[in-house]
Amino acid sequence: DSLGPTVTIGEILVEIVARQTGTGFREPIDLIGPFPSGAPAIFIDQCARMGGAAAMVGVVGDDDFGAVNMERLKRDGVDTSAIAVSADYPTGSAFVRYRTDGSRDFVYNIAKSAAARLEWTPHVEALIARCGHIHVMGTVFASPAAWAITERAIPLIKARGGTMSLDPNLRKELLAHGQTEEKFASLVDKADLLLPSGNELFLAAGMDGEERAIEALFKRGVKEIAVKRGEHGASARQSTGASADCPGLIVEETDPTGAGDCFGGAYVACRRLGMPLRTSLEFANAAGARNVTRLGPMEGAGTRAELEDFMARTARRS
Ligand code: ATP
Ligand code: MG
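About the cut-offs
Residues numbered from 1 in each chain as written. Chains lettered and ligands numbered in written order. Predicted model: local features only at pLDDT ≥ 70, side-chain atom pairs only at ≥ 80, totals over all residues. Heavy atoms only, no water. Helix = DSSP H or I, 4+ residues; strand = E, 2+ residues; numbered from the N terminus. Rg over C-alpha atoms; globule rule 2.2 N^0.38 Å. Buried < 20%, exposed > 50% of the residue type's maximum accessible area, 1.4 Å probe, protein only. Contact = heavy atoms within 4.5 Å. Areas by Shrake-Rupley, 256 points an atom, 1.4 Å probe, with all protein chains shown as cover. Lys, Arg positive; Asp, Glu negative; His and termini not counted. Charge placed at Lys NZ, Arg CZ, Asp CG, Glu CD. Pairing = 2+ DSSP bridges. Axes fitted to C-alpha atoms, helices over the stretch in contact; angles between N-to-C directions. Near = heavy atom within 4 Å. Polar contact = N/O pair within 3.5 Å; in protein donor to acceptor, adjacent residues only side chain to side chain. Nonpolar A, V, L, I, M, F, W, Y, C, P; charged D, E, K, R; others polar. Phe/Tyr/Trp six-rings, centres within 6.5 Å; stacked < 30°, edge-to-face > 60°. Parallel < 35°, antiparallel > 145°, perpendicular 65-115°, else oblique. Left-handed = near helix turned anticlockwise from the far one by under 90°.

1. Quick notes on the overall build of the chain
Helix and strand counts for the chain stand at 11 helices and 13 strands. For the chain, the C-alpha radius of gyration of 18 Å lies close to 20 Å, the compact-globule estimate for 318 residues. Dimensions along the principal axes, computed over C-alpha positions, put the chain at roughly 55 × 45 × 40 Å. Looking at the 318 residues of the chain, the share that counts as buried comes to 54%. Of the contacts formed within the chain by residues at least 6 apart in sequence, a portion of 71% connects residues at least 24 apart. Accessible area of the chain: about 13,700 Å², with a carbon and sulfur share of 51%. Where the 35 positive side-chain charges of the chain centre and where its 41 negative ones centre are 3 Å apart.

2. What to know about the sheet that holds strand β7 (residues 104-109)
Pairing between the strands of a sheet comes from backbone hydrogen bonds, and it takes one of two forms, parallel or antiparallel. Ordered in space as β3-β2-β6-β7, the 4 strands form an open sheet in which the pairing is mixed. Each of the sheet's edge strands pairs with one partner strand only, and the pair in question is β3 (31-37) and β7. Averaged over all pairs of adjacent strands, the angle between strand axes in this sheet comes to 20°, irrespective of strand direction. Note that strand β2 (residues 13-18) and β3 share 5 bridges and pair antiparallel. Bridge pairing in β3 places Val14 opposite Pro36.

3. Here we look at the environment of Ala236
Structurally, Ala236 can be placed in strand β12 (residues 234-238). For Ala236 and Arg317, which are 81 residues apart along the polypeptide, the C-alpha to C-alpha distance reads 18 Å. Apart from residues no more than four positions distant in its own chain, Ala236 is found in contact with Ile225, Ala226, Ala242, Ser243, Ala244, Tyr267, Leu277 and Leu281.

4. Notes on the sheet that holds strand β9 (residues 163-167)
Sheet architecture is open: 9 strands sit in the order β5-β4-β1-β8-β9-β10-β11-β12-β13, paired in mixed fashion. On the outer flanks of this sheet lie β5 (83-86) and β13 (243-246), each paired with one strand and no other. The sheet contact formed by β9 and strand β10 (residues 193-194) spans 2 bridges and is parallel. Residue pairing across strands places Ser165 opposite Leu193, the latter belonging to β10. Along the sheet face, helix α8 (residues 210-219) touches β10, β11 (224-228) and β12 and points at about 40° away from the line of β12.

5. Some words on the site of ligand 1
In the neighbourhood of ligand 1, 19 residues make up the surrounding shell, with Ser197, Gly230, Gly233, Glu253 and Asn285 lying closest. Residue Glu253 places a side-chain N or O atom 2.9 Å away from a nitrogen atom belonging to ligand 1. At 3.4 Å from an oxygen atom of ligand 1 is found a main-chain nitrogen or oxygen belonging to Ala259. Look at ligand 1: alone it shows 620 Å² of surface, and the protein chains cover 87% of it. The biggest single contributor to the shell around ligand 1 is helix α10 (residues 277-292), with 4 residues. For the shell around ligand 1, the class distribution of residues is 7 nonpolar, 7 polar and 5 charged.

6. A look at the side chain of Ser113
Tracing the sequence through the fold places Ser113 in the loop between β7 and α3 (122-128). A polar side-chain atom of Ser113 sits 2.7 Å from the main-chain carbonyl oxygen of Ile110. Among all residues touching Ser113, those that are not within four sequence positions of it are Tyr89, Pro90, Thr91 and Gly92.

7. Considerations on the packing of aromatic side chains
Under the criterion given, the structure shown has 5 aromatic pairs. Relative to Tyr108, the ring of Phe106 has its centre 4.8 Å away and its plane inclined at 10°; by these criteria the two rings are stacked. Owing to a relative accessible area of 51%, Tyr108 belongs among the exposed residues under this scheme. Site record: aromatic cluster; members linked through ring pairs are Phe141, Trp147 and Phe184.

8. Concerning the packing of helix α4 (residues 144-159) against helix α6 (residues 180-190)
Relative orientation of the contacting elements α4 and α6 amounts to 20°, with a least axis distance of 12 Å. As the angle between them shows, α4 and α6 are arranged roughly parallel. Between α4 and α6 the crossing geometry is left-handed. Contact with α4, carried on its side by Trp147, Ile154 and Lys158, involves Lys183, Ser186, Leu187 and Lys190 of α6 and no other residues of that element. Of the residues that constitute the contact of α4 with α6, the class distribution is 3 nonpolar, 1 polar and 3 charged.

And the structure:
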């Protein structure tokens, strides 16, 4: 951590959630929000709440939705010096409605919002020059501007001895677009730490079978892999042979959005603070589980004390 903060680059949004499950937004329904959101913003907020030095590159609009995000990130200790306020574009937004089967309907305003207007400013330059770790999320493939800044920042951070983590956050359909597959492979090759969920481990390795995939990724230079297993918890493996497994905590799922991002934020913070593999995994597992108990994508992000308290009073799956 002494090398400088963890930085992530990408979209900052507000999320507005339908109170009742159902399909789409074609008739008037009860909504609740705005909640601060955007996968990178959720990640970095949890990272800071855990006590990790944290910074973000992003853009919000000069409006209340932007203020909702700026205030939350600042409150939780995120360095917002490289978050720009656009005078011309509104803050990005996502309206979300859950269907009864757990799938989601969205109405997005991201691609034409402030969230897509990232630029390499002097503030970004100054921040990247003092960061010790960069966390890249799969959502970067949806934004050419975020991709350009990420590509430029990685070698700068690595050149000063910094490290990189990657949360693939990918759906198979996304990989088919443009050069995403090659870009994704190039990120995997640069990553020190990988945080896959579901079949992302196999997509990253280009093969099936958990053990085989993990070994293949270690051969490509990845040093550590934290596998997310939803309600079943998570596992961590190091190329040195060390490993840890963690059963899921038994929680009532109110809002599944943001679990993976909170898991990542806590995991990266703990590891960079020098905590052992198992302790870091336990905190990350608790951060993901706690977040699903709250309505709103980052409302359940927890401080170290809150996560310790949560672990102490939550049963584990056997
Ligand atoms: P997202 O849906 O946000 O993209 P993800 O697929 O990246 O998430 P998940 O595996 O869903 O990641 O969640 C990350 C971690 O959060 C899990 O590994 C687990 O530790 C915790 N977690 C998520 N959902 C639950 C749950 N229902 N019960 C207990 N723990 C959970
Ligand atoms: Mg994910």
